[in-house]
Amino acid sequence: MGNREDLMAGAKQCLFDKGYGRTTARDIATASGVSLAAIGYHFGSKESLLNAALIEATAEWGTVLATVVARASEASDDPAERFVAVWDGVLGTIAEHRGLWASQFEVMLQADRVPELREALAGIQKQGRLGLSALFQGLPEVPDTDEELSRGIFYQALLVGLAGQWLATPELAPRGKDFLRGLELVGGSVLRPNGAPADGPGWHGPTG
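Residues numbered from 1 in each chain as written. Predicted model: local features only at pLDDT ≥ 70, side-chain atom pairs only at ≥ 80, totals over all residues. Heavy atoms only, no water.

## Thoughts on helix H3 (residues 36-43)
Among the residues making up H3, those that are buried are Ala-38, Ile-39 and Phe-43. Seen along its axis, H3 keeps its buried residues to an arc of 110 degrees; they face one direction. Turned more than 90 degrees off the buried face of H3, the exposed positions are Ala-37 and Tyr-41. Its buried side turned inward, H3 meets helix H1 (3-18), helix H2 (25-32) and helix H4 (46-73). Directly after H3, the chain includes Gly-44, whose backbone phi takes a positive value near 90 degrees. (Buried < 20%, exposed > 50% of the residue type's maximum accessible area, 1.4 Å probe, protein only. Helix = DSSP H or I, 4+ residues; strand = E, 2+ residues; numbered from the N terminus. Arc of directions from axis to C-beta. Contact = heavy atoms within 4.5 Å.)

The structure is reproduced here in structure tokens:
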């Protein structure tokens, strides 16, 4: 690899091991086997490098997630069973990439104080939501519409909430069956007409 690629690899490793705020430029240089000056030459600043590394690492996790979701979606012909399998698979990827998720939450908390970081997050927010909408529908991509953005927002809320609960108390984090039950209860109370039973007319259960 060249110096730029080495720096990205070293920055990602530091993010996973030390987090965003505790990582120094020297940490990255040491992990990369590259000089401190190379950070400024290739990225301008340590922060720009860390931001780029976090975005790239998230995209790499997204590729892993897509594979997991696709496999889980094939587990059953029943929409409810697929939904459970998919979210159990998602939880597994969060556990396997704990360092990435810990860094993401740290970054979210710092965004208001770091304009450059806030801009970087805002720049990928919309595409991230559309990507999640496509991913959980098993589509290669979706159009940039209000409907697809709404789907993405819903999935993003579930995903971030799941990751946050797992980071705080892994043993109490919800599983796929918990999400399914919650969706049935909340969706039913909001969407059922005149208190109709959950399996009655007007109720459309989770489809994955």
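From this point, things continue past the structure.
## Things to note about the packing of aromatic side chains
The way to describe two aromatic rings as a pair is by their centre distance and the angle between their planes. This structure, assessed with the given rule, holds seven aromatic pairs. Geometrically, the ring pair formed by Trp-101 and Phe-105 is tilted, given 6.3 Å between the ring centres and 45 degrees between the ring planes. With Trp-101 and Phe-105 both in helix H6 (residues 98-110), this residue pair falls four residues apart, about one helical turn. When its relative accessible area of 3% is taken as the criterion, Trp-101 is described as buried. Classification of Phe-105 by relative accessible area gives partly exposed; the value is 23%. (Phe/Tyr/Trp six-rings, centres within 6.5 Å; stacked < 30°, edge-to-face > 60°.)

## Points about the environment of Lys-12
With respect to the helices and strands, Lys-12 occurs in helix H1. Take Lys-12: its relative accessible area is 11%, and that puts it in the buried class. Considering only alpha carbons, one finds Lys-12 and Glu-81, 69 residues apart in sequence, at a separation of 35 Å. Polar side-chain contacts of Lys-12 include one of 2.8 Å to the side chain of Glu-56. (Polar contact = N/O pair within 3.5 Å; in protein donor to acceptor, adjacent residues only side chain to side chain.)

## Focus: the pattern of salt bridges
Counted under the stated rule, the structure contains nine salt bridges. One salt bridge connects Lys-12 with Glu-60, and the closest N-O pair in it is separated by 2.8 Å. On the criterion of sequence distance, the pair formed by Lys-12 in helix H1 and Glu-60 in helix H4 is long-range, its members being 48 residues apart. For Glu-60, a relative accessible area of 40% translates into the label partly exposed. Put simply, Glu-184 and Arg-181 hold a salt bridge, and the shortest N to O gap is 3.7 Å. Of this pair, Glu-184 and Arg-181 both sit in helix H9 (residues 176-191), three residues apart, which is roughly one turn of that helix. Given the relative accessible area of 27%, Glu-184 is considered partly exposed. One network of salt bridges, with partners in common, ties together Lys-12, Glu-56 and Glu-60. (Salt bridge = Lys/Arg side-chain N within 4 Å of Asp/Glu carboxyl O.)

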